[in-house]
Amino acid sequence: MNRIPSKCPICEGKVESGKTTFTVDLTSGIVVVRNVPAFVCTQCGEEWIDDPTSVKLEAIAARAKEQNAQIEVMAMG
Ligand SMILES: [Zn+2]
């Protein structure tokens, strides 16, 4: 998937590691994952999630879909 840039390709701001909230809208419901490790542009707020984290998020979304959850809210880490 996407590589983490050392500086923001949009505004050339500094990219630092931080946390974000990941939301995925399944047709069956919505999954919200808080506390997701991410890289965030300090200037414009653009976010990047690395591959291992993306894989975990996909697994979480797949599980929620199986359970037919309307709204699933959880935290990572
Ligand atoms: Zn930026």
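Structure: above.
In this report, the structure presented in the accompanying data block is examined.

How each quantity is defined
Residues numbered from 1 in each chain as written. Predicted model: local features only at pLDDT ≥ 70, side-chain atom pairs only at ≥ 80, totals over all residues. Heavy atoms only, no water. Helix = DSSP H or I, 4+ residues; strand = E, 2+ residues; numbered from the N terminus. Buried < 20%, exposed > 50% of the residue type's maximum accessible area, 1.4 Å probe, protein only. Contact = heavy atoms within 4.5 Å. Areas by Shrake-Rupley, 256 points an atom, 1.4 Å probe, with all protein chains shown as cover. Lys, Arg positive; Asp, Glu negative; His and termini not counted. Charge placed at Lys NZ, Arg CZ, Asp CG, Glu CD. Donors = N, O, S within 2.8 Å, 3.2 Å for Na, K, Ca; no water. Tetrahedral: all angles 85-135°; square planar, octahedral: opposite > 155°, others 65-115°. Pairing = 2+ DSSP bridges. Core = buried A, V, L, I, M, F, W, Y, C linked by side-chain atoms within 4.5 Å.

1. Overview of the overall build of the protein
- A tally of helices and strands in the protein yields 1 helix and 4 strands.
- Put simply, the protein runs from its N terminus to its C terminus through helices and strands in the order β-β-β-α-β.
- Dimensions of the protein, computed from the C-alpha atoms along their principal axes, are close to 40 × 25 × 20 Å.
- The buried share among the 77 residues of the protein stands at 31%.
- Within the protein, counting contacts between residues at least 6 apart in sequence, those at least 24 apart form 56% of the total.
- As displayed, the protein offers around 5,200 Å² of accessible surface, 50% of which is attributable to carbon and sulfur atoms.
- Counting 8 positive and 10 negative side-chain charges, the protein places the centres of these two groups 5 Å from one another.

2. Some details on the coordination of the zinc ion
- Taken together, the protein donors to the zinc ion comprise Cys 8 (SG), Cys 11 (SG), Cys 41 (SG) and Cys 44 (SG), at separations of 2.3 Å.
- Because the angles between the 4 donor atoms bound to the zinc ion fall within 99 to 116 degrees, the donor set is best described as tetrahedral.
- Here the donor residues of the zinc ion are spaced in sequence according to C-x2-C-x29-C-x2-C. Highlighted residues: Cys 11 in the segment before strand E1 (15–25) and Cys 44 in the loop between strand E2 (30–41) and strand E3 (47–48), separated in sequence by 33 residues.

3. Describing the pairing of E1
- The pairing of E1 with E2 spans 10 bridges and is antiparallel. From the neighbouring strand, Val 15 faces E2, where its bridge partner is Cys 41.
- Counting the residues between successive antiparallel strands, the hairpin from E1 to E2 contains 4 residues.

4. Things to note about unusual backbone geometry
- You will see that Glu 12, though not glycine, has its phi angle at about 65 degrees, which is positive.
- Inspection of the secondary structure puts Glu 12 in the segment before E1.
- Assessed through its relative accessible area of 57%, Glu 12 is described here as exposed.
- Look at Asn 68: it is not a glycine, yet its phi comes out positive at around 55 degrees.
- As for its position among the elements, Asn 68 is in the loop between helix H1 (51–66) and strand E4 (71–75).
- The exposed category is assigned to Asn 68, whose relative accessible area is 53%.

5. Looking at the nonpolar core
- Within the largest apolar cluster, 12 residues are counted, these being Val 24, Leu 26, Val 31, Val 33, Val 36, Ala 38, Ile 49, Leu 57, Ile 60, Ala 61, Ala 64 and Met 76.
- Mapped by element, the contributors of at least two residues to this core are E2 and H1.
- Ignoring any residue separated from it by four or fewer positions in sequence, one finds Leu 26 in contact with Val 31, Ala 61, Ala 64 and Lys 65.

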